[in-house]
Amino acid sequence: MEFIEGGVTAAEGFLASGLHCGIRKNKTKPDLALIYSDRPCAAAAVYTQNLVQGAPIAVTKKHIANGRAQAVICNSGIANTCAPDGMEKAEAMCKIAGQALRLDPEDVAVASTGVIGPSLPIEPIENAMDELKAALSPSGSRGAAHAIMTTDTFPKEAAVGCCIGGKTVKVGGISKGSGMIHPNMATMLCFVTTDCQISPPMLQKAVKAAADATFNMISVDGDTSTNDTFLVLANGAAGNQEITDEGEDFADFVAALEAVGRKLAKMMARDGEGATRLLTVRVEGAPHLQAARAIARSVSSSSLFKAAMFGSDANAGGRAMCAIGYAGASVDVNKIDVSFQSQKGRVQVVKDGMGIEFSEELALQVLGEEEILTVINLKDGCTVAEAYGCDLTYDYVKINADYRT
């Protein structure tokens, strides 16, 4: 497996585009994206676990209930959530895209992101549809990635190539996410495409496994959003034998999907609102995966831990221990080691559950880097899990205080 260029259009048969249609007042910000396959696709998705969900989620769930789709339309600027005409507008987006692409609207998935509450104007989308369709391109991933951004500071794309069943298979995607990010599907939109031939039931299994290992392991601020969608389309253009059950081919596909998901997840964590550092929390020596993931998520989500990291304060070790203690995992806290690593070196701050002496000068250097790895060794098994997050800064409050204004 290797990372390649192309993002959501890396796989054979996929086109994408993005433009400014007028939902956003700022004309320099694209706000409408389209992804299209030249043939029908298997489709699968997972969504937010928030009880308050955007209308696009309900429509997409209904449209891909048969395991099939061929296009995705997505707007940014307005979330189409808690709006009285939300369902009508989400269905209208699918109808507009379907007419332009000569598809049944039921074969179009829809997503929205932005401010919760306002009604989504449909006229700008309708007026821009011909231009959006004309802009579809095998190099259109970057444009689509820009169009789904909200408070993101950079577009997020990733793709890999691998061999499955003797055929070259590509998996690529785009995502957005900067704030309102927390496990329970994380808070994001992510669209992944692949030319792998895989049945809808197996694709759903793969999507769930990849989400649990990647997007459900990131946290920026503890808020689980209303519009989270991780959608995968597989058009089979690679020509591999269809994956219909678990085995080597399925495992290879999941690995590729996770590789793309993990890269996108880390980009979102790094781009957390106001963030200055990407934080990776690795739990080693765990008795089982559930414990490893619970502890990694607990530490990476801790506001106290994140604030200490912003201040390059090695007291984050004590705060990590605190978060381990309320993670809900049964562990022997008297066996735990905690250390921090970066390009500047490694410093251990906890041994066998107790704070130890360390070089404050070295700790300040290690924690002053933009990417920091926290290693927590439970010494109670051989399972490993990682979670991804960012530091908590003054700018996070400023960004969210001024989100609309």
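Before reading on, note that the structure itself is shown above.
Please read all numbers here as calculations on a predicted model, not as lab measurements.

J.: Please give an account of the overall build of the protein that cites residues and values.
T.: Looking only at helices and strands, the protein has 11 helices and 16 strands in total. Against the globule reference of 22 Å for 405 residues, the protein gives a C-alpha radius of gyration of 21 Å, in line with a compact fold. Here the C-alpha coordinates of the protein stretch approximately 70 × 55 × 35 Å along the principal axes. By the burial criterion, 58% of the 405 residues in the protein qualify as buried.

J.: Residues and numbers for helix H3 (residues 123-134), please.
T.: All of the buried residues along H3 are Pro124, Ile125, Ala128, Met129 and Leu132. For H3, the buried positions fall inside an angular range of 150° around the axis, keeping them on one side. Along H3, the residues that are exposed and aim more than 90 degrees away from the buried face are Glu126, Asn127, Asp130, Glu131 and Ala134.

J.: Would you mind going over the environment of Asp332 in detail, with residue names and values included?
T.: Turning to its location among the elements, Asp332 is positioned in the loop between helix H9 (316-325) and strand E12 (337-342). The spacing of Asp332 and Thr194 is 138 residues in sequence and 43 Å in space, taken between C-alpha atoms. In terms of polar contacts, Asp332 uses its side chain to reach the backbone amide nitrogen of Asn334, at 3.0 Å.

J.: How would you explain the sheet that holds strand E14 (residues 354-355) if you had to name every residue and give the values?
T.: Pairing is mixed across the open sheet formed by seven strands, whose spatial order is E9-E16-E11-E15-E12-E13-E14. The open sheet has two edge strands, strand E9 (218-219) and E14, and neither has a second partner. Sheet strands in contact with helix H7 (residues 289-301) are E9, strand E11 (278-286), strand E15 (371-377) and strand E16 (383-390), and its direction is about 20° off that of E16.

J.: How would you explain helix H2 (residues 86-101) if you had to name every residue and give the values?
T.: Spanning 16 residues, H2 covers 23 Å between terminal C-alpha atoms, matching the ideal 22 Å at 1.5 Å per step. Looking only at H2, the buried set comprises Gly86, Lys89, Ala90, Met93, Cys94, Ile96, Ala97, Gly98, Ala100 and Leu101. Packed against the buried residues of H2 are strand E3 (32-47), helix H1 (55-63), strand E4 (68-78), strand E5 (108-115) and H3. At the exit of H2 stands Arg102, carrying a positive phi of roughly 60°.

J.: So what's going on with the packing of aromatic side chains? Which residues, and what values?
T.: On inspection of all chains with the given rule, the structure shows one aromatic pair. The residue whose ring lies beneath Lys263 is Phe3, and the NZ or CZ to ring-centre distance is 4.5 Å.

J.: Outline the side chain of Ser17, listing residues and values.
T.: The residue Ser17 is located in strand E2 (residues 14-19) in this model. Residue Ser17 is classed as buried on the basis of its relative accessible area, which comes to 2%. A polar atom in the side chain of Ser17 sits 2.8 Å from the backbone oxygen of Leu132. Beyond its immediate chain neighbours, meaning those up to four positions away, Ser17 contacts Leu32, Ala33, Leu34, Leu132, Ala135, Leu136, Gly140, Gly143 and Ala144.

J.: Account for the packing of helix H8 (residues 303-310) against H9, naming residues and giving values.
T.: Two elements in contact, H8 and H9, have axes whose closest approach is 8 Å; the angle formed by their N-to-C orientations is 165°. Considering the angle they form, H8 stands roughly antiparallel to H9. Both H8 and H9 take part in a crossing whose hand is left-handed. In contact with Leu304, Phe305, Ala307, Ala308 and Met309 of H8, H9 contributes Ala316, Arg319 and Ala320. Considering only residue class, the contact of H8 with H9 consists of seven nonpolar, no polar and one charged.

J.: Tell me about the pattern of salt bridges, and name the residues and values.
T.: Pairing between side chains of opposite charge can happen when their charged atoms approach one another. For the coordinates displayed, the defined rule picks out 15 salt bridges. Lys335 is paired through a salt bridge with Asp380; the nearest N and O atoms lie 4.0 Å apart. Taken together, the residues span a long stretch of sequence, with Lys335 in the loop between H9 and E12 and Asp380 in the loop between E15 and E16 at a distance of 45 residues. What makes Asp380 partly exposed here is its relative accessible area of 35%. Of the charged contacts, one joins Asp337 and Lys379 as a salt bridge, the two residues approaching to 3.2 Å between their closest N and O atoms. With Asp337 in strand E12 and Lys379 in the loop between E15 and E16, this residue pair connects regions lying 42 residues apart in the sequence. Under the relative-accessibility criterion, Asp337 is labelled buried at 15%.

J.: Go over the environment of Glu370, please, and point to the residues and values.
T.: Relative to the helices and strands, Glu370 resides in the loop between helix H10 (360-366) and E15. In sequence terms Glu370 and Ala159 are 211 residues apart; their C-alpha atoms lie 24 Å from each other. When near neighbours in sequence (up to four residues on either side) are disregarded, Glu370 contacts Arg270, Thr276, Arg277 and Leu278.

J.: Please provide a residue-by-residue account of the side chain of His63, values included.
T.: With respect to the helices, strands and loops of the structure, His63 is situated in helix H1. In terms of polar contacts, His63 uses its side chain to reach the backbone carbonyl oxygen of Val108, at 2.7 Å. Ignoring any residue separated from it by four or fewer positions in sequence, one finds His63 in contact with Arg68, Glu91, Cys94, Pro105, Glu106 and Val108.

J.: Account for the packing of helix H5 (residues 200-213) against helix H6 (residues 248-270), naming residues and giving values.
T.: The N-to-C vectors of H5 and H6 enclose an angle of 40°; their axes lie 9 Å apart at closest approach. By the angle between their directions, the pair H5 and H6 is classed as oblique. At the point where H5 passes H6, the crossing takes the right-handed sense. Taking contact as the criterion, the partners of Met202, Leu203, Lys205, Ala206, Val207, Ala209, Ala210 and Ala213 in H5 are, on H6, Phe250, Phe253, Val254, Leu257, Glu258 and Arg262. Class assignment of the residues belonging to the contact of H5 with H6 gives a composition of 11 nonpolar, no polar and three charged.

The rules behind each value
- Residues numbered from 1 in each chain as written.
- Predicted model: local features only at pLDDT ≥ 70, side-chain atom pairs only at ≥ 80, totals over all residues.
- Heavy atoms only, no water.
- Helix = DSSP H or I, 4+ residues; strand = E, 2+ residues; numbered from the N terminus.
- Rg over C-alpha atoms; globule rule 2.2 N^0.38 Å.
- Buried < 20%, exposed > 50% of the residue type's maximum accessible area, 1.4 Å probe, protein only.
- Arc of directions from axis to C-beta.
- Polar contact = N/O pair within 3.5 Å; in protein donor to acceptor, adjacent residues only side chain to side chain.
- Pairing = 2+ DSSP bridges.
- Contact = heavy atoms within 4.5 Å.
- Axes fitted to C-alpha atoms, helices over the stretch in contact; angles between N-to-C directions.
- Expected span 1.5 Å × (residues − 1).
- Phe/Tyr/Trp six-rings, centres within 6.5 Å; stacked < 30°, edge-to-face > 60°.
- Lys NZ or Arg CZ within 6 Å of the ring centre and 35° of its normal.
- Parallel < 35°, antiparallel > 145°, perpendicular 65-115°, else oblique.
- Left-handed = near helix turned anticlockwise from the far one by under 90°.
- Nonpolar A, V, L, I, M, F, W, Y, C, P; charged D, E, K, R; others polar.
- Salt bridge = Lys/Arg side-chain N within 4 Å of Asp/Glu carboxyl O.

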